[in-house]
Amino acid sequence: MAYWLIKSEPESYGWAHLVADGRTEWTGVRNATAAINLRAMQVGDEAFFYHSVSDKAVVGIVRITRSWQSDGEDGKWASVEVAPVRALARPVTLTAIKAEQRLAGMELLRQSRLSVCPVRDEEWALLLAMGG
């Protein structure tokens, strides 16, 4: 199993929206590196759900329920289906992530504008601990 982080603006589509919907197609990603990451996702992989812009925090965990398919007519972009697993007991803020030296190499920090990025096993475990 691989781990990921996906970002969304909570005002556009936040954790509460996903929980209410039960699952969603993760569409609209228009960055080549993020699209490569979507294509690499497999059913059963898990991802942190990150509220960007206003909250700037990891708030929950999702599971990939369908691997990638084309998102758009040209076949250049990709989407996956995700379903909520659980909310974190405590959101893990970007400030807390930046303060944790063991997360200094995390893609979230290295490529801050990337909306879909991989998370290493040790980063996943540490963020889970930080989130209770």
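For the structure, see preceding data.
**Describing the sheet that holds strand β6 (residues 116–119)**
Okay, step 1: Ordered in space as β2-β5-β4-β3-β1-β6, the six strands form an open sheet in which the pairing is mixed. The open sheet terminates on both sides in strands that have one partner only, identified here as β2 (24–26) and β6. Sheet twist, expressed as the average angle between the axes of neighbouring strands with direction ignored, equals 40°.
Okay, step 2: Pairing between strand β3 (residues 46–51) and strand β4 (residues 57–70): six bridges, direction antiparallel. Bridge assignment links Y50 to a residue of β4, and that residue is V58.
Okay, step 3: In the packing of helix α6 (residues 121–130) onto the sheet, contacts are made with β1 (3–8), β3, β4, β5 (78–93) and β6, and the angle to β5 comes to roughly 45°.

**A short note on the environment of E25**
Okay, step 1: Tracing the chain through its elements places E25 in strand β2.
Okay, step 2: Relative accessible area serves as the criterion here: at 25%, E25 is assigned to the partly exposed category.
Okay, step 3: In sequence terms E25 and D121 are 96 residues apart; their C-alpha atoms lie 25 Å from each other.
Okay, step 4: Excluding anything up to four places from it in sequence, E25 contacts R66, Q69, S79, V80 and E81.

**Topic: the pairing of β1**
Okay, step 1: Most of β1 is tucked away: six of the six residues are buried.
Okay, step 2: Here β1 shows a buried face lined by Y3, L5 and K7 and a second buried face lined by W4, I6 and S8.
Okay, step 3: Across six bridges, the pairing between β1 and β3 is parallel. The residue bridging I6 from the neighbouring strand is F49, located in β3.
Okay, step 4: Sheet topology places β1 next to β6; four bridges connect them, and they run antiparallel. Across the sheet, I6 pairs through a bridge with V116, a residue of β6.

**Considerations on the layout of surface pockets**
Any empty space left between the atoms is revealed when a probe the size of a water molecule rolls over them.
Okay, step 1: Counted as a void, the largest pocket has a volume near 380 Å³.
Okay, step 2: Along the walls of the largest pocket sit 20 residues, with K7, S8, E9, S52 and S115 positioned nearest its centre.
Okay, step 3: Mapped onto the lining of the largest pocket, the elements with two or more residues apiece are β1 and β2.
Okay, step 4: With three residues, β2 is the largest single contributor of residues to the lining of the largest pocket.
Okay, step 5: Each residue belonging to the lining of the largest pocket can be placed in one class, and the counts come to seven nonpolar, seven polar and six charged.

**Overview of the pairing of β5**
Okay, step 1: By the bridge criterion, three bridges tie β2 to β5 in an arrangement that is antiparallel. From the neighbouring strand, W26 faces β5, where its bridge partner is V80.
Okay, step 2: Pairing geometry for β4 and β5, over ten bridges, is antiparallel. Within β5, the position partnered with S70 by the bridge is A78.

**Observations concerning the nonpolar core**
Okay, step 1: Counting residues in each nonpolar core, the largest one holds 39 residues, and the members touching the most others are L5, I6 and W26.
Okay, step 2: With six residues, the single largest contributor to this core is β4.

The rules we used
Residues numbered from 1 in each chain as written. Predicted model: local features only at pLDDT ≥ 70, side-chain atom pairs only at ≥ 80, totals over all residues. Heavy atoms only, no water. Pairing = 2+ DSSP bridges. Helix = DSSP H or I, 4+ residues; strand = E, 2+ residues; numbered from the N terminus. Axes fitted to C-alpha atoms, helices over the stretch in contact; angles between N-to-C directions. Contact = heavy atoms within 4.5 Å. Buried < 20%, exposed > 50% of the residue type's maximum accessible area, 1.4 Å probe, protein only. 1 Å grid on protein atoms, 1.4 Å probe; cavity = no way out; pocket = protein on both sides within 12 Å on 5 of 7 lines; lining within 4 Å. Points joined across faces, edges and corners; volume = space filled by probe spheres on them. Nonpolar A, V, L, I, M, F, W, Y, C, P; charged D, E, K, R; others polar. Core = buried A, V, L, I, M, F, W, Y, C linked by side-chain atoms within 4.5 Å.

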